[in-house]
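Observations on the three-dimensional arrangement
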Protein chains: 2
Amino acid sequence: MTRRTPVGIRDIGDALGLSMMSVSRALRGVEGVSAGTRIEVIQAAKRMGYRPNRNARSLASAHSTLIGVSIPSLFSDVFPEILDGMRATFDHAGFDTLIDTTHYNTAREADWAERMLDWNAAALVLCGVDHEPDLRRRLRDLRIPTLEFWDTTDDPIDVCVGIDHWKAGADLAEHLLACGYTRPAFIGVPEGRDTRADKRLAGLVATYASAGIDAVDVRRIDHRATFEAGALATESLLAAEGPRPDVLAYLNDHMAFGGLSTCMRLGLSIPDAIGIAGFNDLEINKILPMPITTIITPRTRMGEIGARNIIARIKGAVVERCVTIPTELRIGHTTRAPLSSGGPFSSN
Amino acid sequence: MTRRTPVGIRDIGDALGLSMMSVSRALRGVEGVSAGTRIEVIQAAKRMGYRPNRNARSLASAHSTLIGVSIPSLFSDVFPEILDGMRATFDHAGFDTLIDTTHYNTAREADWAERMLDWNAAALVLCGVDHEPDLRRRLRDLRIPTLEFWDTTDDPIDVCVGIDHWKAGADLAEHLLACGYTRPAFIGVPEGRDTRADKRLAGLVATYASAGIDAVDVRRIDHRATFEAGALATESLLAAEGPRPDVLAYLNDHMAFGGLSTCMRLGLSIPDAIGIAGFNDLEINKILPMPITTIITPRTRMGEIGARNIIARIKGAVVERCVTIPTELRIGHTTRAPLSSGGPFSSN
DNA sequence: TTGTACGCGTTATCAT
DNA sequence: ATGATAACGCGTACAA
């Protein structure tokens, strides 16, 4: 087998009449070499085209610069944005990103995590806080730095950064109630697939329930959460028997836009006959003639904070175990103007 | 330092009274062990919770199961789809994906590629065929399996799979000419950033030129190729002095939808007063009330074919050096009906 | 500040 | 079919 590392630390040492250790120290930037030899070594390394063998490093030191990042899917705008926020920080700090897409399958996630451990990964980044119990235990026992992101919990595996999905759902419900919508529907994917969306739904249901409204029409479509999924689910919902919902809350803005298109095509008056709400405030919402009422989620910032914290953990620093970033309601044109908090007789 | 691999090949051998080599052979599934010992070893490995140390493996064998994949950006629908197509195949074959996002910076790409070599990567996957000359040379010299995707060339570093962007631009121009549009504009990002888009523009310009039309109004916006970028660029274009273009060709469907929104907001009649064309046939196009005329690109399939071929290369097989996948024009409602090929007097 | 001895966990090579 | 020995390239621990 032809080696791809023709020049190693030994060669530099030989060329300079130094021991391998001096070279190693100089190259890694650690204490224990005079400034002079360090410069000499670095120059020689450059001249000779030295490249470190990362596998050998990792084997010898039981450390590595590999960080494994697992996300459910690359098709969603939200995970790419979070990932991008992380990667900028990882790159800067010299870490490489080993990626996985789980497609919302926790067993696959667990298998992949083991592979990452086989690589001696410096840290693991997982989406959400719902994982295989075995994986949770194992990562804890191993004490490997682990970041859970997007969701939050009081008891993360190690550290976490995310938003409160239940509260986001509740906040949205509050707004819809204030707008006078009394027959809500939620359109999402099958239960258990996207547990964060399930939590938002739970927050919405609870809030409506505490206002005396127990009927939330839940529609689930077995499809990626796309524009098309939103359109299809909405068609089926509107074609169904029984009382029509007066407001449709979607799993995300893309599904919401699909639903919006369907409603407009059917000639439904928005937001009067029917309201529409999304989630995430995705980029498309900037250019829609009728911006969708949604919840703004801080995705890039979440990635940056998460990356910063997990790197601190790798270096052994103590960091805040759990960071919950607030979300914000964005009122668009797809929901009616809220009734004034002064009551229905206000002139607002 | 606490080791994360409490049980190694040696331990299994000790437990079974076998040498490390027999264990290694059994576990790797190579020849040289009796069926009986193999089963015994595999069971013992499972029972004892053996996990291979991948760095040690890679160091000893000068092979690894790491594949480095570099893409310009995660925000685009097209790269995630290609990547997803690849990953499915990689996963299945037992390869791990080390990812990079270049943000269209070839120098960063080259640096990252070196790091991948430091990891002893089994293969490199790069976007497009325009790279730092040094990187090209080096990968060739090293004979490391390399896949270039999305674009094509007669002379790839190693193997490539992609589409002919120049021809795609030309095909679109043919259609727009057939529709009777004579004052085309192209809306994209700064020249050199997205070299594939530059090639499509070149194909469009050449085709219009061969029809005697030399004026193509090119607008570039320094922004990610998003809905918003399309909207902003279109606003500025339509506000400009001089004759207004009668058809707008965009870098992709997202920018096109942004432009479409702007045109509709300004009350322009589409497709008569002004035509709109995109690129890629992205998912959003399925649900638009007015589907955008675009070019369908085979993204998932490209990823799968590319992954299959690069794995074959890793295994030493000979594969087609260059696969060019055809694209297809999708005629939407944002361009006028083409004049019949029979000429202007036809009753078509 | 510099150097020596050894180990990291596995695979290649050559023997039996 | 199985085993002994020697790398793989580097870092840790300790000595000088």
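Everything that follows concerns the structure shown earlier in this document.
These figures come from a predicted structure and were not determined experimentally.

Contact with chain B, which involves 58 residues of that partner, is made by 58 residues of chain A. Taken together, the connections running from chain B to chain A amount to twelve salt bridges. Residues Arg54(B) and Asp118(A) are paired through a salt bridge, measuring 3.7 Å at the closest nitrogen-oxygen approach. For the pair chain B and chain A, the interface holds 32 residue pairs in polar contact (both at pLDDT 80 or more).

Next up on the list: the relation of the copies chain B and chain A. For the match of chain B to chain A, the screw axis carries a shift of 0.0 Å, the RMSD comes to 0.1 Å, and the turn is 180°. Within this description, the copies of the chain are treated as partners about a two-fold rotation axis. Comparing interface residues between copies, 100% of those in chain B also sit at the interface in chain A, which points to an isologous, same-surface contact.

To continue, consider the pairing of strand S5 (residues 159-162) of chain A. For a regular strand, the rule is simple: side chains alternate between the two faces of the sheet. All names here are of chain A. Of the two faces of S5, both are covered, the one formed by Val159 and Val161 as well as the one formed by Cys160 and Gly162. Inspection of the sheet shows strand S4 (residues 146-150) paired to S5 by four bridges, in the parallel sense. By the bridge assignment for S5, tryptophan 150 is matched with glycine 162. Pairing geometry for S5 and strand S11 (residues 322-324), over three bridges, is parallel. Looking across to S11, one finds that glycine 162 is bridged to threonine 324.

Residues and elements named next belong to chain A. Scanning the entire structure with this criterion turns up zero disulfides over all chains. As a non-bridged cysteine, cysteine 263 has cysteine 179 as the owner of its nearest cysteine sulfur, 16 Å distant. A residue is classified by how much of its surface remains accessible, and cysteine 263, at 0% relative accessible area, is buried.

Let's shift gears to the side chain of Asp246(A). Residue and element names in this part refer to chain A. In this fold, aspartate 246 is placed in the loop between helix H10 (227-239) and strand S8 (247-250). Although buried, aspartate 246 forms no salt bridge, and the nearest oppositely charged side chain, arginine 183, lies 4.2 Å from it. From its side chain, aspartate 246 meets the backbone nitrogen of threonine 182 in a polar contact 2.9 Å long. Of note is the side chain of aspartate 246, whose polar atom sits 2.8 Å from the backbone nitrogen of arginine 183. Excluding anything up to four places from it in sequence, aspartate 246 contacts Gly180, Tyr181, Thr182, Arg183, Pro184, Ala273, Ile274, Gly275 and Arg336.

Conventions and cut-offs
- Residues numbered from 1 in each chain as written.
- Chains lettered and ligands numbered in written order.
- Predicted model: local features only at pLDDT ≥ 70, side-chain atom pairs only at ≥ 80, totals over all residues.
- Heavy atoms only, no water.
- Contact = heavy atoms within 4.5 Å.
- Salt bridge = Lys/Arg side-chain N within 4 Å of Asp/Glu carboxyl O.
- Polar contact = N/O pair within 3.5 Å; in protein donor to acceptor, adjacent residues only side chain to side chain.
- Least-squares fit on C-alpha atoms with pLDDT ≥ 70 in both.
- Buried < 20%, exposed > 50% of the residue type's maximum accessible area, 1.4 Å probe, protein only.
- Helix = DSSP H or I, 4+ residues; strand = E, 2+ residues; numbered from the N terminus.
- Pairing = 2+ DSSP bridges.
- Disulfide = S-S within 2.5 Å.
- Lys, Arg positive; Asp, Glu negative; His and termini not counted.

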